Protein chains: 4
Amino acid sequence: MTDDAAGGSIGIGLVGYAGVARAHLQAILRLPTIFSVRRRPVLVALAGRSETTATAVARKYGAPTVYTEWRRLVDDPHVEMLINAAPNDLHAEVCMAAAARGIHVLCEKPLARSAQEAAQMREAVASAAVVHMTGYNYRFVPAVQLARRILGEGRLGRIYHFRARFCDESMIDPQIPYGWRHSRRQAGSGSIGDLAAHAVDMARYLVGEIESVSAATRIFVDRRPQPDGGEGTVDVEDAVEAVLEFTNGALGTVEASTFCAGRKNLFTFEINGADGSLAFNLERLNELQVSLRGDDVEGFRTILATDARHPYGGLWWPPGHILGWEHAFVHQLHRFLTAVADNGTVAPEGATFEDGYRCAVVCDLLEQAAREGRRVTVLDP
Amino acid sequence: MTDDAAGGSIGIGLVGYAGVARAHLQAILRLPTIFSVRRRPVLVALAGRSETTATAVARKYGAPTVYTEWRRLVDDPHVEMLINAAPNDLHAEVCMAAAARGIHVLCEKPLARSAQEAAQMREAVASAAVVHMTGYNYRFVPAVQLARRILGEGRLGRIYHFRARFCDESMIDPQIPYGWRHSRRQAGSGSIGDLAAHAVDMARYLVGEIESVSAATRIFVDRRPQPDGGEGTVDVEDAVEAVLEFTNGALGTVEASTFCAGRKNLFTFEINGADGSLAFNLERLNELQVSLRGDDVEGFRTILATDARHPYGGLWWPPGHILGWEHAFVHQLHRFLTAVADNGTVAPEGATFEDGYRCAVVCDLLEQAAREGRRVTVLDP
Amino acid sequence: MTDDAAGGSIGIGLVGYAGVARAHLQAILRLPTIFSVRRRPVLVALAGRSETTATAVARKYGAPTVYTEWRRLVDDPHVEMLINAAPNDLHAEVCMAAAARGIHVLCEKPLARSAQEAAQMREAVASAAVVHMTGYNYRFVPAVQLARRILGEGRLGRIYHFRARFCDESMIDPQIPYGWRHSRRQAGSGSIGDLAAHAVDMARYLVGEIESVSAATRIFVDRRPQPDGGEGTVDVEDAVEAVLEFTNGALGTVEASTFCAGRKNLFTFEINGADGSLAFNLERLNELQVSLRGDDVEGFRTILATDARHPYGGLWWPPGHILGWEHAFVHQLHRFLTAVADNGTVAPEGATFEDGYRCAVVCDLLEQAAREGRRVTVLDP
Amino acid sequence: MTDDAAGGSIGIGLVGYAGVARAHLQAILRLPTIFSVRRRPVLVALAGRSETTATAVARKYGAPTVYTEWRRLVDDPHVEMLINAAPNDLHAEVCMAAAARGIHVLCEKPLARSAQEAAQMREAVASAAVVHMTGYNYRFVPAVQLARRILGEGRLGRIYHFRARFCDESMIDPQIPYGWRHSRRQAGSGSIGDLAAHAVDMARYLVGEIESVSAATRIFVDRRPQPDGGEGTVDVEDAVEAVLEFTNGALGTVEASTFCAGRKNLFTFEINGADGSLAFNLERLNELQVSLRGDDVEGFRTILATDARHPYGGLWWPPGHILGWEHAFVHQLHRFLTAVADNGTVAPEGATFEDGYRCAVVCDLLEQAAREGRRVTVLDP
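Summary of the structure given here. (Residues numbered from 1 in each chain as written. Chains lettered and ligands numbered in written order. Predicted model: local features only at pLDDT ≥ 70, side-chain atom pairs only at ≥ 80, totals over all residues. Heavy atoms only, no water.)

## Quick look at the overall build of chain A
For chain A, the count of helices and strands is eleven helices and 17 strands. Relative to the globule expectation of 21 Å for 381 residues, the C-alpha radius of gyration of chain A, 21 Å, shows essentially globular dimensions. Seen along its three principal axes, the alpha-carbon backbone of chain A occupies a region of about 60 × 55 × 40 Å. For chain A, the proportion of its 381 residues judged to be buried stands at 66%. For chain A, long-range pairs separated by at least 24 residues make up 69% of all intrachain contacts whose partners lie at least 6 apart in sequence. (Helix = DSSP H or I, 4+ residues; strand = E, 2+ residues; numbered from the N terminus. Rg over C-alpha atoms; globule rule 2.2 N^0.38 Å. Buried < 20%, exposed > 50% of the residue type's maximum accessible area, 1.4 Å probe, protein only. Contact = heavy atoms within 4.5 Å.)

In structure tokens:
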């Protein structure tokens, strides 16, 4: 009898089927072939607005049930774990309803449209005592976990700087139609919640809490064609540039923009410490650059983080056989399922709702700092 | 009724479960979620020496049947397509038995231990009129297909040079135990069949037929510990360096070695033509370097081949969300299944057994040229 | 009779002999061998505190006269042009004294310790009607001039972003002794004037005027050993992080730090426009990265700016034979001498004292913004 | 009294004024400002075919005498050292005449048009007991000397591979006119002597003696327009690809071609040993890539070889301030002058005529191996 057999399965309900939802679907599909798990994840229901599309996706991934109303999915007794990949304005309501039913929740990032909304979600999962995770998936890239290991070993010494930028060109064409991501009501923010939030979470994951921020934002294209004619008014920022000050004294920047011609998915960060530095680039996500002072053959080395000794090493392929963007979702789901099996938490590798909340606080402050033209400080939670 | 439903399924039997077999298993699992297919691939049987391991793998991937003798798999009436991921000495026998039963065959590379053996296989699949493919999977990397598209459009002009090297450090440690890859009887050759064969196939795929070769080989570590005590004698080359001359006048090199410290999976090639050049590196397989003469802002550009307009673009993730090493196996399997559905051939994108044979001819000549210390010429097939 | 003979020579007096002064010395030495000039630059006098060192340097470079007091150099009638490579607290006094005597002045950057001081210098050279230049030498790197050419042709379209960082590890060791660069009285500022000023000048040169800044600064090591015992108190910033807003609507960052382990002289910038992007890295100063939208083979291309068609192309070596850091000083000096010959200005390629002043204004505001924790705006000059 | 004064000067005569001669001129000019030398190099005479050009060049560099016949330069009693930057067919005659007069000789590479010719030159300088050097200037790139230091310390262990390629696009345009480099009589060979010779010398410098070679060559454009009308027949190879076998058992390649679109001056090499690897690229000549096994943070590190502890470190500029292509000529000349001062040899850093001869032997064999289609062996000298 295998581990799988011992633990049976865990039923997953997924809200959403497009975009990042597909990465979660792939993760559910693949996880049992890569990891030994006590309870095999099984997609038991899928909820989405279009029944036709939802049905087609469900068939591809073997989901037996499709809902066009998320409430019915949350009410489905087979759903023991929820993955919320809906637009931001559905994060709070769906997650809190699920938690109230004792369903474990993995919610896509940003956790909510505002810190206030995130705080409610945090309370809800705490009260319900369910396992909770915010989908800051880049924590689960092996090279990022290697960065954290190196930092955890103190090899960079006191940290002086953290710099991150997340740049793409996804909105550079003014003819890209108006969508929910352009609406403050639905999305909460623009490139702050979509892109900068990843950088803020990474800053917290690798360096520590942020004390204050200064920022500026821009809307470069403020009206976009509606898919069905007419124009929509963009009321969220296309770009943000910010200075971060950390409680540990480090100084840094966070930048995000969807108007960077030629940049496709360029999430980079660099950390400088007294004893060394490291750098990462999501477009080459298998690589970590590390420079250590005192090394007698000094220089930034490019570590291809695919060896057996690296995080998640040996699970997939031989050294040098690179992983893709979506592999981190498999690792992330495994962390979640492990927490469920242990009646524990996804911390510290995974972002909890507490992490999602703290990140939302900083994201809110980025907007406030930009609007008010001043440095604003993170108050104690 | 979906396409899937219309065509039913196609039963796949897989010989082998370790190493590259895992990439095929993942491809079978994922293909139906990515591509629309007329007949859904279903893993119906798995054959492997260890029943315990085979059974565990079969359970993970949902294979209903396990065999410890490949002949029984070939006799299984549910097997309509064979994937042969066994060691090289099982390529010919298994494939020919399968073909004789009308089973379509996808055989791992190198197709055989020698050109002579490959020729028999080529005859077998031709006689049986089954779909056949040699697993030169790197043809199915999007950046490689983009390279072929650019070449096909004539944008590099007359080709002057092709250079390829495939370097890793997989055998550099003398304590790595003796295995079938160190045995001429079982493997046919060493780094020639294991690594250089990929480069030779790529040369043929992108530039054309090879006319002659000059070469040298080396065995750096000639005795290795046997897993069960004692020592084995390595009688295949650890490294090969070769000069290639093409029928179209181009000049090039092929290099392969498993003794390149720090190189993990470095399969690189560069093609120089009268009007431009291109370069590829498997460790950064989402990127293609292209330089075109006459471009008024000249220079090697790094194309991140993940846009919708690129080969396989839009199938997986948004631009800049990179693919991993194993994605090419999904594309390859799709090409195979399309050929089955069309009663056609996997050419030109896929390597047929004819391609596998021609590659084997060149591989044999590399060994001969090295042994005889002279330029040897490829005779007409 | 050559051009040289026609125009005779121009006598140069140099204040300073260490550090960047050496780059100027090399430029004077080499310029006549590379450029055709109407008046050959001749080093006629050198001023420095240590007579021994100054004499040794003067002998190496053929300077007939050495002074230990700069005033005597300014009074030397053979001095027609001054290069001021003294510490920052000697910039204003020496330059103004020289200008008052009708001597053309090339002053190292930052022009002054404050905008107020820079304003006085700007007035002085304007009154004296001498040729004036601030030594923002990186303007004269061929790849930078290529960037400006591409921008000038409008090929990037409307500019959305400018990002620059200047990072090294020059102060990371706490045992590096206290020097004039650590003193606000002598240096005016720390990494702002030393490093960020280059980035600010580059922003103005390539993108346009800056409207406002937000910033934070840090002193990481506030006491350092004095060379002669005791400790000095560092009262200038080790690092600055800032957000820039440009009058044309672009948004950006400027970062500078001397505490970036492993970074040697990493001055990088990236500019994103509606139609393309470009990027530069001083550690690979012969290269410019350019991506243009609409290019049918899209991607960042690496232009090795050494071809004949590139700025300063063909003057030095064949294509691909790279230039070093100091070559820009030769180009800069040539621009200065051309302005002298033309009774003109070093603009627009060269930074005038007006440019030096405007840069100083922004640098002052970086400090003010950091101190006051708010966005501060550049007033009209 | 300085060192300079103590030793006086050494008179240099230069044959040639274009191309690489300019790098020598710059080296003579700059050396005394960078190095302390016992005898200051002074350019006392210049010989070239065109009196007008030679005179102009001489004026720029302060040479008092110009000759249009090299014999007169060799007869000039002020000439104590000869730099021979003439076309290849003038190497032997000029150098031997100079040596016969006791003049020290630095001859550009390739030393001669053939090994036979090189052997005569080797005998001549030995008999005359003059200091002799072949201008394999890339030995004097700091990153290359760092490579040699690392190899000399045994840090790479037993060497398995050496691979070098020298690629540019200098002849890719068929309209590039016929010149001496296209003539076997004048040049001896094409890309072999022009480019591959650098790689062969580097192989010998870093790895050791070559035992045998296999090769192929190509002429891609066999007729070119004469500058004065008509066409010239190219009878030297445009490209060579070769396999090298070293006496120490290492296996490698040498490649050279002037038909590599987009490659400007791409001289790269990689060395793989049992304990590590290193790689170099002349287009980024300040950098050395090094990977060492057993390093607990493994990966190829990029060493920017500009620190004080690196070869020639601290002589020029601060860390990260990169050197250009021509700096190696200054280092090379310094090595030569040191040998003169010591009545010694330029070995081991510099290539002697013995080295030039041995390199010529290999170059000859490359041509022979290609012509005869077989592996040819280097006989003992």
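## Points about the sheet that holds strand β5 (residues 104–107) of chain A
All names here are of chain A. Strand order in this open sheet of six strands is β3-β2-β1-β4-β5-β6, and the pairing throughout is parallel. The open sheet terminates on both sides in strands that have one partner only, identified here as β3 (65–67) and β6 (132–134). For this sheet, the mean inter-axis angle between neighbouring strands, taken without regard to orientation, is 25°. Where strand β1 (residues 9–15) meets strand β2 (residues 40–47), seven bridges bridge the pair, whose relative direction is parallel. Residue valine 15 lies in a different strand from β2, and its bridge partner there is alanine 47. Across the sheet, helix α3 (residues 51–61) is in contact with β2 and β3; its angle to β2 comes to roughly 165°. Running at roughly 180° to strand β4 (residues 81–84), helix α5 (residues 91–100) makes contact with β1, β4 and β5 of the sheet. (Pairing = 2+ DSSP bridges. Axes fitted to C-alpha atoms, helices over the stretch in contact; angles between N-to-C directions.)

## So, the relation of the copies chain B and chain C
Superposition of chain B onto chain C requires a rotation of 180° combined with a translation of 0.0 Å along the rotation axis, giving an RMSD of 0.0 Å. Both copies are brought into coincidence by an operation consistent with a two-fold rotation axis. The rotation axis passes nearest to the C-alpha of arginine 301 of chain B in chain B, at a distance of 1.7 Å. (Least-squares fit on C-alpha atoms with pLDDT ≥ 70 in both.)

## Quick word on the packing of aromatic side chains
Ring pairs (aromatic) are described by centroid distance and by the angle formed between their planes. Enumeration over the complete set of coordinates arrives at 56 aromatic pairs over all chains. Note on phenylalanine 162 of chain B and phenylalanine 246 of chain B: the rings are 6.1 Å apart at their centroids and 70° apart in plane angle, and the pair reads as edge-to-face. With phenylalanine 162 of chain B in strand β7 (residues 159–167) and phenylalanine 246 of chain B in strand β11 (residues 239–246), the pair connects residues that are 84 residues apart, well separated along the chain. Looking at phenylalanine 162 of chain B, the relative accessible area reads 0%, which means it is buried. By relative accessible area, phenylalanine 246 of chain B is classed as buried at 1%. Aromatic ring contacts, followed pair by pair, group Tyr138, Phe162, Phe166, Phe246, Phe267, Phe269 and Phe280 of chain A into a single cluster. (Phe/Tyr/Trp six-rings, centres within 6.5 Å; stacked < 30°, edge-to-face > 60°.)

## Describing unusual backbone geometry
Residues and elements named next belong to chain A. Of note, the amide linkage connecting lysine 109 to proline 110 takes the cis form, showing an omega dihedral of -10°. Topologically, proline 110 is positioned in the loop between β5 and α6 (115–128). Even without a glycine there, the phi angle at alanine 129 is positive, about 55°. Checked against the element boundaries, alanine 129 lands in the loop between α6 and β6. Classification of alanine 129 by relative accessible area gives exposed; the value is 65%. Even without being glycine, asparagine 343 reaches a positive phi, approximately 50°. Position of asparagine 343 relative to the elements: it lies in the loop between α10 (327–341) and α11 (353–372). Overall, asparagine 343 belongs to the exposed group, its relative accessible area being 73%.

## Concerning the relation of the copies chain C and chain A
With an RMSD of 0.0 Å, chain C superimposes on chain A once it is rotated by 180° and translated 0.0 Å along the axis. Here 100% of the contact residues of chain C are again contact residues in chain A; the copies associate through an equivalent surface.

## Thoughts on the interface of chain B and chain C
Interfaces are often sized by the accessible area lost when the parts come together. On the chain C side, the residues contacting the 14 residues of chain B number 14 residues. Summed over both partners, the interface of chain B with chain C buries about 1200 Å², with 41% contributed by carbon and sulfur atoms. Among the residues chain B hides against chain C, the three largest losses belong to Val297, Arg301 and Arg309 of chain B. Together they make up 44% of the total. Linking chain B with chain C are two salt bridges, by the criterion used here. Measuring nitrogen to oxygen at the nearest pair gives 2.5 Å for the salt bridge that ties glutamate 298 of chain B to arginine 309 of chain C. Our enumeration of links across chain B and chain C arrives at four residue pairs in polar contact (both at pLDDT 80 or more). Only β15 (287–292) and β16 (300–304) of chain B provide two or more residues apiece to the side of chain B that touches chain C. For the side of chain B that touches chain C, the leading source of residues is β16 of chain B, giving four residues. Classifying every residue of the side of chain B that touches chain C gives five nonpolar, two polar and seven charged. Here β16 of chain B pairs with strand β16 (residues 300–304) of chain C via three bridges, running antiparallel. Across the sheet, residue threonine 302 of chain B finds its bridge partner in β16 of chain C, namely phenylalanine 300 of chain C. (Buried area = accessible area lost by both parts, 1.4 Å probe. Salt bridge = Lys/Arg side-chain N within 4 Å of Asp/Glu carboxyl O. Polar contact = N/O pair within 3.5 Å; in protein donor to acceptor, adjacent residues only side chain to side chain. Nonpolar A, V, L, I, M, F, W, Y, C, P; charged D, E, K, R; others polar.)

## Things to note about the side chain of histidine 321 of chain B
As for its placement among the helices and strands, histidine 321 of chain B is situated in the loop between β16 and α10 (327–341). Judged by its relative accessible area of 12%, histidine 321 of chain B falls in the buried class. Only 3.0 Å separates the side chain of histidine 321 of chain B from the backbone oxygen of proline 319 of chain B, close enough to count as a polar contact. Residue contacts for histidine 321 of chain B: discarding those within four places in its chain leaves Tyr138, Asn265 and Trp325 of chain A together with Thr306 of chain B.

## A few points about the sheet that holds strand β2 (residues 40–47) of chain B
Residues and elements named next belong to chain B. Spatially, the six strands line up as an open sheet ordered β3-β2-β1-β4-β5-β6, and their pairing is parallel. Two strands in the sheet have a free side with no partner beyond their single neighbour: β3 (65–67) and β6 (132–134). Neighbour to neighbour, the strand axes of the sheet diverge by 25° on average, direction disregarded. One ladder, built from four bridges, connects strand β1 (residues 9–15) with strand β4 (residues 81–84); its direction is parallel. The partner of glycine 13 across the bridge, within β4, is leucine 82. Sitting on the sheet, helix α3 (residues 51–61) touches β2 and β3, and the angle it makes with β2 is about 165°.

## What about the pattern of salt bridges?
Counted by the stated rule, this structure contains 144 salt bridges over all chains. Here arginine 30 of chain D and glutamate 326 of chain C are joined by a salt bridge, their closest N and O atoms 2.5 Å apart. Separated into two different chains, arginine 30 of chain D in helix α2 (residues 20–34) and glutamate 326 of chain C in the loop between β16 and α10 (327–341) make up a pair that spans both. This pair shows no difference in class: arginine 30 of chain D is buried, exactly as glutamate 326 of chain C is. Glutamate 367 of chain D is the partner of arginine 371 of chain D in a salt bridge, and the nearest nitrogen-oxygen pair spans 2.1 Å.

## Focus: the pairing of strand β14 (residues 276–281) of chain B
Residues and elements named next belong to chain B. Most of β14 sits inside the fold, with five of its six residues counted as buried. As paired strands, strand β13 (residues 266–273) and β14 are joined by six bridges and run antiparallel to one another. Residue pairing across strands places glycine 273 opposite glycine 276, the latter belonging to β14. Remark: two residues form the turn of the hairpin made by β13 and β14, two consecutive strands paired antiparallel. Across five bridges, the pairing between β14 and β15 is antiparallel. Bridge pairing in β15 links glycine 276 to leucine 292. What sits between β14 and β15 in their antiparallel hairpin is a turn of five residues.

## Concerning α10 of chain A
All names here are of chain A. The terminal C-alpha atoms of α10 lie 21 Å apart, and with 15 residues this matches the ideal 21 Å at 1.5 Å per residue to within 8%. Within α10, 13 of the 15 residues are buried, which leaves the element mostly enclosed by the surrounding structure. Phi turns positive one or two residues past the end of α10, at asparagine 343, with a value near 50°. (Expected span 1.5 Å × (residues − 1).)

## Concerning helix α3 (residues 51–61) of chain C
Turning to α3 of chain C, its buried residues are Ala54, Val57, Ala58 and Tyr61 of chain C. One face of α3 of chain C carries all of its buried residues, which in axial projection span an arc of 100°. The inward-facing, buried residues of α3 of chain C contact α2 (20–34), β2 (40–47) and β3 (65–67) of chain C together with α2 of chain D. Note on α3 of chain C: the residue one or two positions beyond its end, glycine 62 of chain C, has a positive phi of about 75°. (Arc of directions from axis to C-beta.)

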